[in-house]
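# Survey of secondary and tertiary structure
Here are the chains, one letter per residue:
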Amino acid sequence: MLSRTIYRMLLATSVLLTSGLVRGQDTSSVRTLPSVRVATDRPATVTAAAPTQVVTAERMEQQGSLVLSDVVRQLPGITLKDYGGVGGMKTVSARGLGSQFSTLTIDGIAVSDCQNGQIDLGRYMLGNAAYVGFANGQLQQSLQSARSYAAGNVVEMHTQRPILTGRKHNLTVGTEVGSFGLLSPSVLWEQRLAKRLTMSLWANYLRSDGDYPFTLYYTGSLDDSTSVERRQNSQMWMATVDANLFYDISSQRQLTVKAHWCDGFRALPGPVTLYNIKKSEFSYSQVSFVQARYNAAYGERWQLQALAKYGRSGDTYEDTASLVTAGGYLRNEYLQQEGYVSGSVAYHATQHLTFSLASDESVASLQSNLSVNNHVTRYASQDVLAATYATPLFNLNAHLLATIVDEKSNSREEVVQYRRLSPYAGLSLRLSTRGDDTAFHTFRLRYFFKENYRIPNFNEMYYFTLPRDLRPERALQHNVGVVMAGMSRWGERQSTYTLSVDGYYNRVSDKIIAVPTQNLFLWSMMNLGRVDIVGLEATGETELQMERSRLSLTAHYTYQYAVDVSDPMSRTYRHQIPYTPRHSGGLSLHWETEWVEMGYQLQAVGNRYRLGENTLSTLVRGYVDQGIIVSKTFDVGNTRLQARAQVLNLFDVQYEVVKNYPMMGRNYRLGLTWKF
């Protein structure tokens, strides 16, 4: 019996590691985990108590993804706000919670924006990414920062480590050209500096004219008068440099250091309305940070992680024909700085029981050239005590998060303080497992509960309005789901699959909203009411490996009933909250042969409403966006050349993600990547 159990575990491990789709090995009780660095890099997707998705670099290449938002928009439960074009701002909201509850981490360290709390996913390129992960509620990792614990959901991007087997360096040169002036050359240099020390240097330049045509509807009816216009004042450019050092001190200790710099310019075309052709608004931004991550294991019981980061972000908004200044010229300048340190330790008390502790400290400041509140500083401390009990049968984990924040502004005497304890509990239970040398199948049940606590950002507290005593938003998340995974093998052929169905209920209290007071330039922030969100997510992945080809299919569907339940007498009572579709889904198909690779993608988004009151005048119509990609790889001596052609919005659908910000119709991309 014991030998058969061991055989099944080895079979499951080989299947889950090689399929690229099923990543849910029951590794939580393996005591040798600290000595195998790569085992902790990629999150589990089958055994996790919270729904978790992983998109590998190979999958991103198959989809023709250029920036981080291209990947995230394909994930279930995600609502992406896209303000149009390559340079348009792109923010993410998951399960109706709003973008403020989402956290982006790069190599395990959070990206922060204390000014507006939203991270623009269009700023982050994918050229040297190993994988992108997304977890609703909670990452299932013993070592993570307190900020990751505190997030309502986490988008994580990890940098590719150099693979230099028998070589001292790798060089990859690529370029992407496309419709409407798109140009994106890049270079990746990977070098072995010493036996245990490697580095990578990645640089990219992205630019676009953004002057694409669109159909302007004069009324809300699609059958009324229209005209074909052209998007104006939407040109952009962005330059990025990303340098990384990877030092394997020993088999159980690693140090990574990243330096990131991004400089960019965007013309801001604004919303499209009749007779509004404003060409005077521009944005300049520069984002840079240096961060370090140290991981160590001491014997079989102790693991340690230390993180440190300094970030600096400058944003300038310019309007040469402003209506709010006497001279018609407006220039707002903002400078964010943050110092951040995090430490976490895990203790494996027994083979199945692990305790962990995480503590984060940060100081963030925002300076501006505004006359009021031009220097605001926030001191934040977050501490987490967590415990995990894991066996091959089930995985139970829980934590308690303490948040302590003090905030000072040069325009108010008192210090604003926030204090909160927030719990989490998650369970993953294996209901059945069966397998032999030709097939393996597992079936699991999962559940988690989490409370989130969102502190108002600086824009909400201080800018465009008088200071208000805003209460933080509180969100409660519940999720229950089932996961099935397995493989079958016959002869030279093998198939793998994962299937998950999750139902969830979220409740947001003390939601912060903005309402105009005297005019559209003077707003007041206030806490108002409650939002209830009930939803269902279904995701399926399958891959068929044949003798000379491979076929993979991914599909997902999301239903969200997200309504305002603040006031039964309100006109928005039980109306769907803005920009949250009731129905959405997607499909991705990829076929790889010895001669060519072909892919097809579909994204469908149902009707939404731009305001809290759901009427025909506030309707944003649904759409179906489809695209295809074809690529071919050539071996040229000791080098490899890949050529690809992509058609986006294949059927030239005219649609909007955000009202009055039209998206591009049919457009084309051609790419070349040469690996030396």
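Before any of the text, the structure's been laid out above.
Residues numbered from 1 in each chain as written. Predicted model: local features only at pLDDT ≥ 70, side-chain atom pairs only at ≥ 80, totals over all residues. Heavy atoms only, no water.

## Overview of the overall build of the chain
Quick reminder of the rule: Each helix corresponds to a stretch of at least 4 residues labelled H or I by DSSP, and each strand to a stretch of at least 2 residues labelled E; elements are numbered beginning at the N terminus. Burial classes: relative accessible area under 20% of the type maximum marks a residue as buried, over 50% as exposed, and values in between as partly exposed (1.4 Å probe, protein chains only). Any two residues whose heavy atoms approach within 4.5 Å are treated as being in contact. Using the Shrake-Rupley algorithm and a 1.4 Å probe, accessible areas are obtained, with residue cover drawn only from the displayed protein chains.
Helix and strand counts for the chain stand at five helices and 37 strands. Counting only residues that meet the buried cut, the chain has 51% of its 676 residues in that class. Across the chain, every contact between residues at least 6 apart in sequence was considered, and the portion connecting residues at least 24 apart equals 63%. Only carbon and sulfur atoms are counted for the fraction: they give 59% of the accessible area of the chain, which is about 30,000 Å².

## Focus: the nonpolar core
Here is the rule: Buried residues of nine kinds, namely Ala, Val, Leu, Ile, Met, Phe, Trp, Tyr and Cys, make up a nonpolar core once their side-chain atoms join them within 4.5 Å.
Counting 24 residues, the largest nonpolar core has Leu68, Leu104, Leu121, Tyr124, Leu126, Val132 and Met157 as its most contacted members. What Met157 contacts, discounting residues up to four positions off in sequence, is Leu68, Thr105, Ile106, Asp107, Tyr124, Met125, Leu126, Ala129, Tyr131 and Val132. Residues Val376, Val416, Ile455 and Met461 belong to the second largest nonpolar core, which totals 17 residues.

## Re the sheet that holds strand β6 (residues 129-136)
Rules: Here, strands pair whenever DSSP counts at least two bridges between them. For every element, the axis is a line fit to its C-alpha atoms; helices are fit only across the contacting stretch, and the angle between N-to-C directions ranges from 0 to 180 degrees.
One open sheet accounts for five strands, arranged β1-β6-β7-β4-β5; its pairing is mixed. Whereas interior strands pair on both sides, the edge strands pair on one side only; in this sheet they are β1 (52-56) and β5 (109-111). On average, each strand axis in the sheet is inclined to that of its neighbour by 25°, with strand direction left out of account.

## Observations concerning a nonpolar patch on the surface
Formally: Without a salt bridge and with relative accessible area above 30%, a residue can belong to a patch; like charges are then joined within 9 Å and nonpolar side chains (Val, Leu, Ile, Met, Phe, Trp, Tyr) within 5 Å. When a carboxyl oxygen of Asp or Glu lies within 4 Å of a side-chain nitrogen of Lys or Arg, that pair is called a salt bridge.
Side chains of Tyr389, Leu396, Leu427, Leu431, Leu445, Tyr447 and Val480 sit close together on the surface and give an oily, nonpolar patch of about 550 Å² of accessible area. Relative to the helices and strands, Leu396 is located in strand β20 (residues 394-409). The exposure class of Leu396 is partly exposed, given its relative accessible area of 42%.

## What about the pattern of salt bridges?
In this structure the tally under the stated criterion is 27 salt bridges. When the shortest N-O distance is used, the salt bridge between Arg644 and Glu176 registers 3.0 Å. In this pair, Arg644 sits in strand β34 (residues 639-648) while Glu176 sits in strand β8 (residues 169-178), placing the two residues 468 residues apart along the sequence. For the pair formed by Arg644 and Glu176, the shared burial category is buried. Salt bridges linked by common partners bring Glu58, Arg550 and Glu592 together as one network.

## Some remarks on the environment of Val415
Considering the arrangement of structural elements, one finds Val415 in strand β21 (residues 412-435). The partly exposed category is assigned to Val415, whose relative accessible area is 39%. Sequence spacing of Val415 and Val405 is ten residues, and the spatial spacing of their C-alpha atoms is 10.0 Å. Once residues within four sequence positions are removed from consideration, Val415 is found in contact with Asp406, Glu407 and Lys408.

## Concerning the packing of aromatic side chains
Put simply, the rule reads: In this scheme Phe, Tyr and Trp rings, the latter by its six-membered ring, pair at centre separations within 6.5 Å, and the angle between planes marks the pair as stacked below 30 degrees, edge-to-face above 60, and tilted otherwise. Criterion for a charge above a ring: Arg CZ or Lys NZ at most 6 Å from the ring centre, at most 35 degrees from the ring normal.
This model, assessed by the stated rule, comprises eight aromatic pairs. For the ring pair Trp674 and Phe676, a centre distance of 5.5 Å and an interplane angle of 10° mean the geometry is stacked. An aromatic cluster of three or more residues is present, and its members are Phe265, Phe282 and Tyr284. A cation over an aromatic ring shows up here: Lys309 above the ring of Phe289, its NZ or CZ 4.6 Å from the ring centre. Directly above the ring of Phe634 sits Lys632, whose terminal nitrogen or CZ lies 5.7 Å from the centroid.

## What to know about the side chain of Thr198
Along the polypeptide, Thr198 turns up in strand β10 (residues 197-208). Its relative accessible area of 9% is what places Thr198 among the buried residues. Beyond its immediate stretch of four places on either side in the chain, Thr198 contacts Pro162, Leu164, Gln191, Arg192, Leu193, Asn244, Leu245 and Phe246.

## Quick look at the pairing of β34
As judged from the nine bridges shared by strand β33 (residues 623-636) and β34, these two strands associate in the antiparallel manner. Bridging from a neighbouring strand, Phe634 pairs with Leu641 of β34. In sequence, β33 turns back onto β34 through a hairpin of two residues, with Gly637 there showing a positive phi of about 65°. In this structure, β34 lies alongside strand β37 (residues 667-675), joined through nine bridges in antiparallel fashion. Across the sheet, the residue bridging to Arg640 is Lys675, located in β37.

## Considering unusual backbone geometry
With the exception of glycine, most residues fall at negative phi, and the peptide bonds are largely trans. Of note, the phi angle at Asp510 is positive, near 55°, even though the residue is not glycine. Examined against the element boundaries, Asp510 turns out to sit in the loop between β24 (493-509) and β25 (512-519). Given a relative accessible area of 17%, Asp510 falls into the buried group. In the Ramachandran plot, Asn660 falls in the positive-phi region, its phi being about 70° despite a non-glycine side chain. For Asn660, the location among the structural elements is in the loop between β35 (656-658) and β36 (661-662).

## A closer look at the side chain of Arg231
Our working rule: Asp and Glu count as negative and Lys and Arg as positive, but His and the ends of the chain are not part of the count.
Topologically, Arg231 is positioned in the loop between β12 (226-230) and β13 (236-250). The side chain of Arg231 is buried and forms no salt bridge, while Glu656, the nearest opposite charge, is found at 8.2 Å. Discounting residues that sit within four places of it in the chain, Arg231 has contacts with Gly210, Asp211, Tyr212, Phe214, Pro269, Gly270, Val272, Asn660, Tyr661 and Pro662.

## Comments concerning the pairing of β1
For a regular strand, side chains alternate in direction, first toward one face of the sheet and then toward the other. In terms of residue burial, β1 counts as a mostly covered element, since five of its five residues are buried. Inspection of the sheet shows β1 paired to β6 by five bridges, in the antiparallel sense. Counted as the bridge partner of Val55 is Val132 from β6.

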